[in-house]
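These are the residues of each chain, in order.
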Amino acid sequence: MQFLFKIYQRFTWLSIDVVLGAMAGMLFFARALRVELAWQEYALLGMAVWCIYTADHLMDARKLASGHGADRHHFHLIYQKSLLVVLGVVGCVGLVWAIQFFGFSQELFFGAGLGVVILAIMLGVRKLAAKQVRLKELSSAIFYVIGISWLPWYDAPEIDYTWTAFGLTILYMGLAYLNLIMLSSLDTESDSEAGFSSIATIIPQEKLNPRIRQLAIALVLAAFMGLLLVNSLYRIFPSLVLIMLLLHYLSFFKSGLKSEQIRMRMEVAFLIPAILLVL
(Lines give C-alpha, C1' and ligand atoms only; values in the text may rest on other atoms or scores of the structure.)
Protein backbone atom coordinates (compact mmCIF):
# COMPACT_ATOMS: atom_id res chain seq x y z
CA MET A 1 0.00 0.00 0.00
CA GLN A 2 2.86 2.38 0.85
CA PHE A 3 4.41 1.64 -2.57
CA LEU A 4 1.14 2.53 -4.33
CA PHE A 5 0.89 5.73 -2.31
CA LYS A 6 4.40 6.77 -3.39
CA ILE A 7 3.43 6.17 -7.01
CA TYR A 8 0.34 8.31 -6.48
CA GLN A 9 2.50 11.07 -4.93
CA ARG A 10 4.77 11.20 -7.97
CA PHE A 11 1.67 11.13 -10.16
CA THR A 12 0.28 14.23 -8.45
CA TRP A 13 3.62 16.02 -8.12
CA LEU A 14 3.99 15.74 -11.89
CA SER A 15 0.44 17.17 -12.30
CA ILE A 16 -0.73 14.12 -14.27
CA ASP A 17 -3.96 14.05 -12.26
CA VAL A 18 -4.60 17.69 -13.21
CA VAL A 19 -3.99 16.88 -16.88
CA LEU A 20 -6.47 13.99 -16.83
CA GLY A 21 -9.01 16.13 -14.96
CA ALA A 22 -8.67 18.90 -17.56
CA MET A 23 -9.21 16.43 -20.40
CA ALA A 24 -12.29 15.06 -18.63
CA GLY A 25 -13.52 18.64 -18.21
CA MET A 26 -13.13 19.30 -21.93
CA LEU A 27 -15.16 16.15 -22.60
CA PHE A 28 -17.84 17.52 -20.23
CA PHE A 29 -18.18 20.74 -22.24
CA ALA A 30 -17.90 18.99 -25.59
CA ARG A 31 -20.86 16.75 -24.71
CA ALA A 32 -22.84 19.60 -23.14
CA LEU A 33 -22.37 21.69 -26.31
CA ARG A 34 -22.88 18.68 -28.60
CA VAL A 35 -19.44 18.98 -30.17
CA GLU A 36 -17.24 16.11 -31.36
CA LEU A 37 -13.56 16.82 -30.76
CA ALA A 38 -10.64 14.84 -32.18
CA TRP A 39 -8.37 12.93 -29.81
CA GLN A 40 -5.52 15.22 -30.86
CA GLU A 41 -7.34 18.17 -29.33
CA TYR A 42 -7.56 16.40 -25.98
CA ALA A 43 -3.87 15.46 -26.19
CA LEU A 44 -2.84 19.04 -27.02
CA LEU A 45 -4.92 20.37 -24.12
CA GLY A 46 -3.23 17.88 -21.79
CA MET A 47 0.22 18.98 -22.96
CA ALA A 48 -0.66 22.66 -22.54
CA VAL A 49 -2.06 22.11 -19.04
CA TRP A 50 1.01 20.10 -18.02
CA CYS A 51 3.34 22.84 -19.28
CA ILE A 52 1.45 25.59 -17.43
CA TYR A 53 1.26 23.70 -14.13
CA THR A 54 4.85 22.50 -14.32
CA ALA A 55 6.08 26.03 -15.08
CA ASP A 56 4.06 27.29 -12.10
CA HIS A 57 5.56 24.67 -9.77
CA LEU A 58 9.09 25.36 -11.02
CA MET A 59 8.64 29.10 -10.35
CA ASP A 60 7.44 28.28 -6.83
CA ALA A 61 10.38 25.93 -6.28
CA ARG A 62 12.90 28.64 -7.21
CA LYS A 63 11.61 30.83 -4.33
CA LEU A 64 11.60 27.96 -1.88
CA ALA A 65 13.37 28.54 1.39
CA SER A 66 15.58 25.67 2.48
CA GLY A 67 13.73 23.10 4.57
CA HIS A 68 10.32 24.64 3.96
CA GLY A 69 7.44 24.14 1.56
CA ALA A 70 5.32 21.21 0.46
CA ASP A 71 6.85 17.98 -0.81
CA ARG A 72 5.85 18.77 -4.39
CA HIS A 73 7.89 21.99 -4.22
CA HIS A 74 10.97 20.08 -3.05
CA PHE A 75 10.40 17.55 -5.82
CA HIS A 76 10.44 20.32 -8.44
CA LEU A 77 13.47 21.93 -6.76
CA ILE A 78 15.46 18.69 -6.80
CA TYR A 79 14.57 17.77 -10.38
CA GLN A 80 14.25 21.28 -11.78
CA LYS A 81 16.92 20.82 -14.49
CA SER A 82 15.36 17.60 -15.78
CA LEU A 83 11.87 19.07 -15.59
CA LEU A 84 12.98 22.19 -17.45
CA VAL A 85 14.31 20.02 -20.28
CA VAL A 86 11.10 17.98 -20.39
CA LEU A 87 9.06 21.19 -20.22
CA GLY A 88 10.94 22.60 -23.19
CA VAL A 89 10.51 19.40 -25.21
CA VAL A 90 6.80 19.04 -24.43
CA GLY A 91 6.20 22.73 -25.15
CA CYS A 92 7.99 22.62 -28.52
CA VAL A 93 6.38 19.33 -29.58
CA GLY A 94 2.96 20.66 -28.56
CA LEU A 95 3.45 23.89 -30.51
CA VAL A 96 4.61 22.11 -33.68
CA TRP A 97 1.81 19.57 -33.37
CA ALA A 98 -0.78 22.31 -32.86
CA ILE A 99 0.46 24.13 -35.98
CA GLN A 100 0.27 20.91 -37.99
CA PHE A 101 -3.20 20.06 -36.69
CA PHE A 102 -4.89 23.48 -36.69
CA GLY A 103 -2.78 25.29 -39.24
CA PHE A 104 -2.38 29.05 -38.83
CA SER A 105 -6.02 29.40 -37.89
CA GLN A 106 -8.05 31.30 -35.31
CA GLU A 107 -8.03 28.23 -33.06
CA LEU A 108 -4.23 28.22 -32.99
CA PHE A 109 -3.87 31.93 -32.31
CA PHE A 110 -6.60 31.99 -29.67
CA GLY A 111 -5.18 28.95 -27.89
CA ALA A 112 -1.62 30.32 -27.96
CA GLY A 113 -2.86 33.74 -26.84
CA LEU A 114 -4.80 32.21 -23.97
CA GLY A 115 -1.70 30.34 -22.82
CA VAL A 116 0.34 33.56 -22.86
CA VAL A 117 -2.38 35.41 -20.91
CA ILE A 118 -2.50 32.68 -18.27
CA LEU A 119 1.30 32.73 -17.84
CA ALA A 120 1.24 36.56 -17.65
CA ILE A 121 -1.44 36.45 -14.95
CA MET A 122 0.56 33.86 -13.00
CA LEU A 123 3.57 36.19 -13.08
CA GLY A 124 1.40 39.22 -12.27
CA VAL A 125 -0.10 37.56 -9.21
CA ARG A 126 3.41 36.80 -7.97
CA LYS A 127 4.45 40.43 -8.45
CA LEU A 128 1.39 41.71 -6.61
CA ALA A 129 2.03 39.14 -3.87
CA ALA A 130 -0.07 39.71 -0.76
CA LYS A 131 -1.70 42.90 -2.07
CA GLN A 132 -4.02 41.08 -4.45
CA VAL A 133 -3.54 37.50 -3.30
CA ARG A 134 -7.30 36.92 -3.23
CA LEU A 135 -7.21 37.08 -7.03
CA LYS A 136 -4.87 34.10 -7.28
CA GLU A 137 -7.45 31.36 -6.75
CA LEU A 138 -10.28 33.23 -8.47
CA SER A 139 -8.29 34.05 -11.62
CA SER A 140 -6.86 30.53 -11.73
CA ALA A 141 -10.36 29.01 -11.55
CA ILE A 142 -11.74 31.29 -14.27
CA PHE A 143 -8.89 30.69 -16.69
CA TYR A 144 -8.82 26.96 -15.95
CA VAL A 145 -12.44 26.62 -17.07
CA ILE A 146 -11.91 28.95 -20.04
CA GLY A 147 -8.94 26.81 -21.02
CA ILE A 148 -10.83 23.52 -21.00
CA SER A 149 -14.06 24.87 -22.49
CA TRP A 150 -13.11 27.42 -25.15
CA LEU A 151 -12.64 24.89 -27.96
CA PRO A 152 -16.07 23.26 -27.43
CA TRP A 153 -17.58 26.76 -27.25
CA TYR A 154 -15.74 27.77 -30.42
CA ASP A 155 -16.91 24.72 -32.39
CA ALA A 156 -20.49 24.74 -31.08
CA PRO A 157 -23.27 26.07 -33.33
CA GLU A 158 -24.95 29.24 -32.09
CA ILE A 159 -28.15 27.29 -31.41
CA ASP A 160 -26.34 25.60 -28.51
CA TYR A 161 -25.38 28.94 -26.92
CA THR A 162 -28.06 28.47 -24.28
CA TRP A 163 -28.53 29.66 -20.72
CA THR A 164 -28.03 26.05 -19.68
CA ALA A 165 -24.58 25.97 -21.26
CA PHE A 166 -23.62 29.33 -19.74
CA GLY A 167 -24.93 28.22 -16.35
CA LEU A 168 -22.89 25.00 -16.47
CA THR A 169 -19.78 27.01 -17.31
CA ILE A 170 -20.26 29.36 -14.35
CA LEU A 171 -21.03 26.41 -12.08
CA TYR A 172 -17.85 24.64 -13.18
CA MET A 173 -15.88 27.82 -12.42
CA GLY A 174 -17.40 27.79 -8.95
CA LEU A 175 -16.34 24.17 -8.51
CA ALA A 176 -12.79 24.99 -9.63
CA TYR A 177 -12.63 27.96 -7.23
CA LEU A 178 -13.92 25.82 -4.37
CA ASN A 179 -11.25 23.23 -5.13
CA LEU A 180 -8.48 25.83 -5.09
CA ILE A 181 -9.44 27.50 -1.82
CA MET A 182 -9.86 24.09 -0.19
CA LEU A 183 -6.36 23.14 -1.36
CA SER A 184 -5.05 26.49 -0.10
CA SER A 185 -6.56 25.74 3.29
CA LEU A 186 -4.89 22.33 3.36
CA ASP A 187 -1.52 23.90 2.45
CA THR A 188 -1.69 26.84 4.85
CA GLU A 189 1.13 25.69 7.13
CA SER A 190 3.58 24.70 4.40
CA ASP A 191 2.81 27.84 2.34
CA SER A 192 3.37 30.10 5.33
CA GLU A 193 6.68 28.43 6.17
CA ALA A 194 7.86 28.72 2.57
CA GLY A 195 6.79 32.35 2.27
CA PHE A 196 4.09 31.72 -0.35
CA SER A 197 0.91 33.82 -0.40
CA SER A 198 -2.58 32.43 -0.82
CA ILE A 199 -6.07 33.22 0.37
CA ALA A 200 -5.52 30.85 3.30
CA THR A 201 -2.40 32.72 4.47
CA ILE A 202 -4.23 36.06 4.80
CA ILE A 203 -7.60 34.86 6.12
CA PRO A 204 -7.51 32.97 9.44
CA GLN A 205 -8.72 29.37 9.30
CA GLU A 206 -11.55 30.09 11.74
CA LYS A 207 -12.94 32.62 9.23
CA LEU A 208 -11.96 30.89 5.98
CA ASN A 209 -13.44 27.45 6.66
CA PRO A 210 -16.98 28.75 7.37
CA ARG A 211 -16.78 30.71 4.09
CA ILE A 212 -15.68 27.55 2.30
CA ARG A 213 -18.64 25.70 3.80
CA GLN A 214 -21.06 28.46 2.75
CA LEU A 215 -19.67 28.51 -0.81
CA ALA A 216 -19.84 24.71 -1.06
CA ILE A 217 -23.46 24.63 0.13
CA ALA A 218 -24.43 27.44 -2.25
CA LEU A 219 -22.87 25.60 -5.19
CA VAL A 220 -24.52 22.32 -4.21
CA LEU A 221 -27.91 24.05 -4.08
CA ALA A 222 -27.27 25.73 -7.45
CA ALA A 223 -26.35 22.38 -9.02
CA PHE A 224 -29.43 20.75 -7.49
CA MET A 225 -31.65 23.54 -8.83
CA GLY A 226 -30.07 23.10 -12.23
CA LEU A 227 -30.81 19.39 -12.07
CA LEU A 228 -34.48 20.18 -11.48
CA LEU A 229 -34.83 22.99 -14.01
CA VAL A 230 -32.89 21.91 -17.10
CA ASN A 231 -34.26 19.87 -19.96
CA SER A 232 -34.09 16.12 -19.31
CA LEU A 233 -31.47 15.73 -22.08
CA TYR A 234 -29.09 17.95 -20.10
CA ARG A 235 -29.70 16.62 -16.58
CA ILE A 236 -26.62 14.42 -16.67
CA PHE A 237 -24.41 17.54 -16.65
CA PRO A 238 -25.62 19.28 -13.46
CA SER A 239 -25.79 15.78 -11.94
CA LEU A 240 -22.08 15.24 -12.58
CA VAL A 241 -21.19 18.67 -11.17
CA LEU A 242 -23.37 17.95 -8.13
CA ILE A 243 -21.52 14.67 -7.49
CA MET A 244 -18.17 16.47 -7.84
CA LEU A 245 -19.26 19.16 -5.38
CA LEU A 246 -20.54 16.64 -2.85
CA LEU A 247 -17.29 14.69 -3.07
CA HIS A 248 -15.38 17.90 -2.33
CA TYR A 249 -17.64 18.83 0.58
CA LEU A 250 -17.67 15.39 2.20
CA SER A 251 -13.91 14.94 1.77
CA PHE A 252 -12.94 18.36 3.12
CA PHE A 253 -15.26 18.43 6.11
CA LYS A 254 -14.98 14.77 7.09
CA SER A 255 -12.92 14.51 10.26
CA GLY A 256 -10.11 12.00 10.54
CA LEU A 257 -8.84 12.28 6.97
CA LYS A 258 -5.25 13.33 6.34
CA SER A 259 -4.61 16.23 3.97
CA GLU A 260 -3.20 13.89 1.29
CA GLN A 261 -6.33 11.74 1.48
CA ILE A 262 -8.54 14.81 1.11
CA ARG A 263 -6.43 16.08 -1.80
CA MET A 264 -6.60 12.69 -3.52
CA ARG A 265 -10.39 12.51 -3.30
CA MET A 266 -10.87 16.06 -4.56
CA GLU A 267 -8.56 15.52 -7.54
CA VAL A 268 -10.34 12.25 -8.37
CA ALA A 269 -13.59 14.25 -8.44
CA PHE A 270 -12.43 16.03 -11.61
CA LEU A 271 -12.17 12.67 -13.38
CA ILE A 272 -15.88 11.99 -12.91
CA PRO A 273 -16.91 13.56 -16.28
CA ALA A 274 -14.92 10.78 -17.97
CA ILE A 275 -18.01 8.61 -17.35
CA LEU A 276 -19.48 10.41 -20.39
CA LEU A 277 -17.23 8.23 -22.55
CA VAL A 278 -19.55 5.27 -21.90
CA LEU A 279 -22.89 7.12 -21.89
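Every chain is numbered on its own, with residues counted from 1 as its sequence reads. Totals for whole chains, interfaces and linings use every residue, but because this is a predicted model, local features are given only for residues with pLDDT of at least 70 and side-chain atom pairs only at 80 or more, for both listing and counting. Derived side-chain values reflect all non-hydrogen atoms in the structure, with water molecules and hydrogen atoms excluded from consideration.

Section: the overall build of the protein chain
Part 1 of the reasoning: The helix and strand tally for the protein chain stands at 13 helices and zero strands.
Part 2 of the reasoning: Only runs of H or I of at least four residues qualify as helices and only runs of E of at least two qualify as strands under DSSP, and these elements are numbered from the N terminus. For the protein chain, the sequential pattern of α-helices and β-strands runs α-α-α-α-α-α-α-α-α-α-α-α-α.
Part 3 of the reasoning: When accessible area is computed with a 1.4 Å probe and restricted to protein chains, residues below 20% of their type maximum are described as buried, those above 50% as exposed, and intermediate ones as partly exposed. The buried share among the 279 residues of the protein chain stands at 47%.
Part 4 of the reasoning: With an accessible surface of roughly 14,600 Å², the protein chain has 68% of that area assigned to carbon and sulfur atoms. Here the open area of atoms and residues is found with the Shrake-Rupley method and a 1.4 Å probe, where only the protein chains shown may cover a residue.

Topic: the side chain of arginine 263
Part 1 of the reasoning: Relative to the helices and strands, arginine 263 is located in helix H13 (residues 259-269).
Part 2 of the reasoning: Dropping the residues within four chain positions of it, arginine 263 is found in contact with Tyr8, Arg72, Leu183, Leu186 and Asp187. A contact between two residues is defined here by any heavy atoms of the two lying within 4.5 Å.

Observations concerning the nonpolar core
Part 1 of the reasoning: Residue types Ala, Val, Leu, Ile, Met, Phe, Trp, Tyr and Cys, when buried and joined through side-chain atoms within 4.5 Å, form a set referred to as a nonpolar core. If you look at the biggest cluster of nonpolar residues, it comprises 71 residues, and the most contacted ones within it are Phe28, Tyr144, Tyr172 and Leu245.
Part 2 of the reasoning: At 12 residues, the largest contribution of residues to this core is made by helix H8 (residues 163-186).

Points about unusual backbone geometry
Part 1 of the reasoning: In this model, serine 15 sits at a positive phi of 65 degrees, which is unusual for a non-glycine residue.
Part 2 of the reasoning: Mapped onto the secondary structure, serine 15 falls in the loop between helix H1 (2-13) and helix H2 (16-32).
Part 3 of the reasoning: Located in the positive-phi region is arginine 34, a residue other than glycine, with phi close to 55 degrees.
Part 4 of the reasoning: If you trace the backbone, arginine 34 turns up in the loop between H2 and helix H3 (39-62).

Focus: the confidence of the model for the protein chain
Part 1 of the reasoning: Every residue is assigned a pLDDT by the predictor, reflecting its confidence on a scale from 0 to 100. When pLDDT is averaged along the protein chain, the result is 85, and 86% of the positions lie at 70 or above.
Part 2 of the reasoning: By mean pLDDT, the top-scoring element of the protein chain is H2 (95), and the lowest-scoring one is helix H9 (residues 188-194) (63).

As for the side chain of serine 185
Part 1 of the reasoning: As for its placement among the helices and strands, serine 185 is situated in helix H8.
Part 2 of the reasoning: Note on serine 185: relative accessible area 9%, which makes it buried.

Structural notes on the packing of H2 against H3
Part 1 of the reasoning: For helices, the fitted axis covers only the stretch in contact; all axes are lines through C-alpha atoms, and the angles between them, taken along N-to-C directions, range from 0 to 180 degrees. Closest axis-to-axis distance for the H2/H3 pair is 9 Å, and the angle between their directions is 140 degrees. Judged on the interaxial angle alone, H3 and H2 are oblique. Like other packed secondary-structure pairs, H2 and H3 cross with a definite hand, here right-handed. For the pair H2 and H3, contact is made by Ile16, Val18, Val19, Ala22, Met23, Met26, Leu27 and Ala30 and by Glu41, Tyr42, Ala43, Leu45, Gly46, Val49, Trp50 and Tyr53, respectively.
Part 2 of the reasoning: Note that Gly is not counted as nonpolar here; it falls among the polar residues with everything else outside the nonpolar set of Ala, Val, Leu, Ile, Met, Phe, Trp, Tyr, Cys and Pro and the charged set of Asp, Glu, Lys and Arg. Here the contact of H2 with H3 is composed, by residue class, of 14 nonpolar, one polar and one charged. Just so you know how the angles are binned, under 35 degrees is roughly parallel, over 145 roughly antiparallel, 65 to 115 roughly perpendicular, and the rest oblique. By definition, turning the near helix anticlockwise from the far helix through less than a right angle yields a left-handed crossing, and turning it clockwise yields a right-handed one.

Considerations on a nonpolar patch on the surface
Part 1 of the reasoning: Patches here are clusters of residues that have more than 30% relative accessible area and form no salt bridge, with a 9 Å joining cutoff for like charges and a 5 Å cutoff for nonpolar side chains (Val, Leu, Ile, Met, Phe, Trp, Tyr). Between Lys or Arg on one side and Asp or Glu on the other, a salt bridge is scored when a side-chain nitrogen of the former is within 4 Å of a carboxyl oxygen of the latter. On the surface, Ile236, Ile275, Leu277, Val278 and Leu279 cluster together into a nonpolar patch covering about 510 Å² of accessible area.
Part 2 of the reasoning: Considering the arrangement of structural elements, one finds isoleucine 236 in helix H12 (residues 236-253).

Structural notes on the environment of leucine 14
Part 1 of the reasoning: Among the secondary structure elements, leucine 14 is positioned in the loop between H1 and H2.
Part 2 of the reasoning: Filtering out sequence-adjacent residues up to four positions away, leucine 14 remains in contact with Trp50, Phe75 and Leu83.

Concerning the environment of methionine 26
Part 1 of the reasoning: Mapped onto the elements of the fold, methionine 26 is located in helix H2.
Part 2 of the reasoning: Distance from methionine 26 to leucine 45, taken between C-alpha atoms, is 8.6 Å for residues 19 residues apart in sequence.

Some remarks on the packing of H2 against H8
Part 1 of the reasoning: Orientation of H2 relative to H8, taken along the N-to-C sense of each, is 165 degrees, at an axis distance of 11 Å. Between H2 and H8, the angle falls in the class roughly antiparallel. You can see that H2 and H8 cross each other, and the crossing is right-handed. Here Gly25, Phe28, Phe29 and Ala32 of H2 come into contact with H8, specifically with Leu168, Thr169 and Tyr172.
Part 2 of the reasoning: Here the contact of H2 with H8 is composed, by residue class, of five nonpolar, two polar and no charged.

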